[in-house]
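Results of the structural survey
Residue strings, one per chain:
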Amino acid sequence: AGLTEYRLSVIDTATDVEAFKRDITSALQQLRALSKKASEQQGILQQKERAAAEQAMQDGTCVACLERPPSVVFFPCKQRCLCAGCWAEMSHNHERAKREMERLRRRGVPDKAMPMWVQIDGVLKCP
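Read on for an overview of the structure. (Residues numbered from 1 in each chain as written. Predicted model: local features only at pLDDT ≥ 70, side-chain atom pairs only at ≥ 80, totals over all residues. Heavy atoms only, no water.)

**Re the pattern of salt bridges**
The condition is simple: In the sections that follow, a salt bridge refers to a side-chain nitrogen of Lys or Arg positioned within 4 Å of a carboxyl oxygen of Asp or Glu. Secondary structure elements are taken from DSSP: a helix is a run of H or I of four residues or more, a strand is a run of E of two residues or more, and numbering for both begins at the N terminus. Only protein chains enter the accessibility calculation, which uses a 1.4 Å probe. A residue is then buried if its area is under 20% of the maximum for its type, exposed if over 50%, and partly exposed in between.
All chains considered together, the criterion is met by six salt bridges. A salt bridge links lysine 98 to glutamate 95, with the shortest nitrogen-to-oxygen separation between them at 3.6 Å. Residue lysine 98 and its partner glutamate 95 are both found in helix H3 (residues 84-106); the two are separated by three residues, about one turn of the helix. Residue classification places lysine 98 among the partly exposed residues on the basis of a relative accessible area of 32%. In this structure glutamate 95 comes out as partly exposed when scored by relative accessible area, which is 34%. Ionic pairing is found between aspartate 111 and arginine 105, a salt bridge with its closest N-O pair at 2.8 Å.

**Examining the side chain of glutamate 100**
This is how it is decided: Whether two residues are in contact is decided by their heavy atoms: any pair within 4.5 Å suffices.
Mapped onto the elements, glutamate 100 comes out in helix H3. Every residue in contact with glutamate 100, bar those within four places of it in the chain, is listed here: Trp117 and Val118.

**Focus on the packing of aromatic side chains**
Heads up, the rule is: The pairing test for Phe, Tyr and Trp rings, Trp by its six-membered ring, is centres within 6.5 Å, and the orientation test on the planes gives stacked under 30 degrees, edge-to-face over 60, and tilted for anything in between. Note on criteria: charge over ring means Lys NZ or Arg CZ within 6 Å of the ring centre, with the direction from the centre no more than 35 degrees off the ring normal.
Following the criterion strictly, the structure yields one aromatic pair and no others. Here the aromatic rings of phenylalanine 74 and tryptophan 87 are separated by 5.8 Å at their centres, their planes lie at 85°, and the arrangement is edge-to-face. Taken together, the positions of phenylalanine 74 in the loop between strand E1 (72-73) and strand E2 (80-82) and tryptophan 87 in helix H3 put the pair 13 residues apart, joining distant regions of the chain. Directly above the ring of tryptophan 117 sits arginine 96, whose terminal nitrogen or CZ lies 4.4 Å from the centroid.

**Examining unusual backbone geometry**
Even without a glycine there, the phi angle at leucine 66 is positive, about 60°. With respect to the secondary-structure elements, leucine 66 resides in the loop between helix H2 (14-59) and E1. Residue classification places leucine 66 among the partly exposed residues on the basis of a relative accessible area of 42%.

**What about a nonpolar patch on the surface?**
Our working definition: Like charges are joined within 9 Å and nonpolar side chains (Val, Leu, Ile, Met, Phe, Trp, Tyr) within 5 Å, but only among residues with over 30% relative accessible area and no salt bridge; these make up the patches. Residue burial considers only the protein chains on display, and all accessible areas are found by Shrake-Rupley using a 1.4 Å probe.
Together, Leu3, Ile24, Leu28, Leu31 and Leu34 make up a nonpolar patch on the protein surface, roughly 440 Å² of accessible area in all. In this structure, isoleucine 24 sits in helix H2. A residue is classified by how much of its surface remains accessible, and isoleucine 24, at 31% relative accessible area, is partly exposed.

**Observations regarding the state of the cysteines**
Cut-off, in case you're wondering: Note that a disulfide, as used here, is simply two cysteine sulfur atoms within 2.5 Å.
Under the defined criterion, the tally for this structure stands at zero disulfides. Unpaired in terms of disulfides, cysteine 65 finds its nearest cysteine sulfur in cysteine 62, a separation of 3.8 Å.

**Notes on H3**
What sets the pattern is the α-helix's 3.6 residues per turn: residues three or four places apart point alike. To keep it simple, the criterion reads: How far a helix is expected to stretch is found by multiplying one less than its residue total by 1.5 Å.
Taking 1.5 Å of rise per residue, the 23 residues of H3 would be expected to cover 33 Å, and the 33 Å separating its terminal C-alpha atoms lies within 8% of that figure. Taken as a whole, H3 has its buried residues at Cys86, Asn93, His94, Ala97, Glu100, Met101 and Leu104. Residues of H3 that are buried make contact with E2 and helix H4 (116-121). Immediately downstream of H3, the backbone of glycine 108 shows phi near 85°, a positive value.

**Here's the deal with the side chain of arginine 7**
Here is the rule we go by: Between N or O atoms, a polar contact is any pair within 3.5 Å; within protein, one atom must be a potential hydrogen donor and the other a potential acceptor, and residues adjacent in sequence are included only when both atoms are from side chains.
Looking at the secondary structure, you find arginine 7 in helix H1 (residues 5-9). A distance of 3.5 Å separates the side chain of arginine 7 from the backbone oxygen of glycine 2, its partner in a polar contact.

In structure tokens, the structure reads:
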């Protein structure tokens, strides 16, 4: 039997309530341990993703798709990090976000209240 409201509602002795509470404590300990493992796994995966992106830059592959060689140079940093295809997509998203940003500003929407995609894609910067 699981830790459910129904199980609690059919308990009819104080001893059974204590057993239920022990089950809850045990489940909480298991969840804390699982949460810790999940956090550790997340850290490992984030580290691998950063390493892959750094390696891609060193290997000369696009940092967005990690497939094609980079061909677009950003200024003033002079980083060559995107391929033409990813640059086209990034540029398209930027233009779309700029138009939406202008439309929202005309309606009096403050920048901080704009959708997150508009805030992010509305500023063109080196990835």
